[in-house]
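Structural overview
So the chains spell out like this:
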Amino acid sequence: MTTTLNVNQAAVATNLEQAILEAITDARTACELNGTDSANCAVAWDIVEELQAEKSHQHQAKQNKTSLENYCDRHPDSVECLIYDV
């Protein structure tokens, strides 16, 4: 289970990094075609900023886990990690 979780997290990080690189390329192209003062250029760079912010948020969320959360990620079926609906 841990290997699958780590692989999924790596895939998401890779996809997000790839999306950022593509957005940067698109933004540069939009600015070259429409001018640096155009709305298309500004929107394209806003998309880059949003993607970079999402990457930062994901990085912070990963770092702020408690010891119990890390334990439950590795052992989701242990007694300490079970959640009951009452």
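Description of the structure in this document. (Residues numbered from 1 in each chain as written. Predicted model: local features only at pLDDT ≥ 70, side-chain atom pairs only at ≥ 80, totals over all residues. Heavy atoms only, no water.)

1. Digging into the state of the cysteines
According to the stated counting rule, one finds 2 disulfides in the structure shown. There is a disulfide in this structure between Cys 31 and Cys 41, and the S-S distance comes to 1.8 Å. On the sign convention where negative means left-handed, the S-S torsion of about 75° between Cys 31 and Cys 41 marks this disulfide as right-handed. One end of the pair, Cys 31, is in helix H1 (residues 2–34); the other, Cys 41, is in helix H2 (residues 39–63), and 10 residues separate them in sequence. Across the pair, Cys 41 and Cys 31 agree in class, each one buried. (Disulfide = S-S within 2.5 Å. Helix = DSSP H or I, 4+ residues; strand = E, 2+ residues; numbered from the N terminus. Buried < 20%, exposed > 50% of the residue type's maximum accessible area, 1.4 Å probe, protein only.)

2. Examining the environment of Asn 40
Mapped onto the fold, Asn 40 is located in helix H2. Considering only alpha carbons, one finds Asn 40 and Ala 27, 13 residues apart in sequence, at a separation of 8.3 Å.

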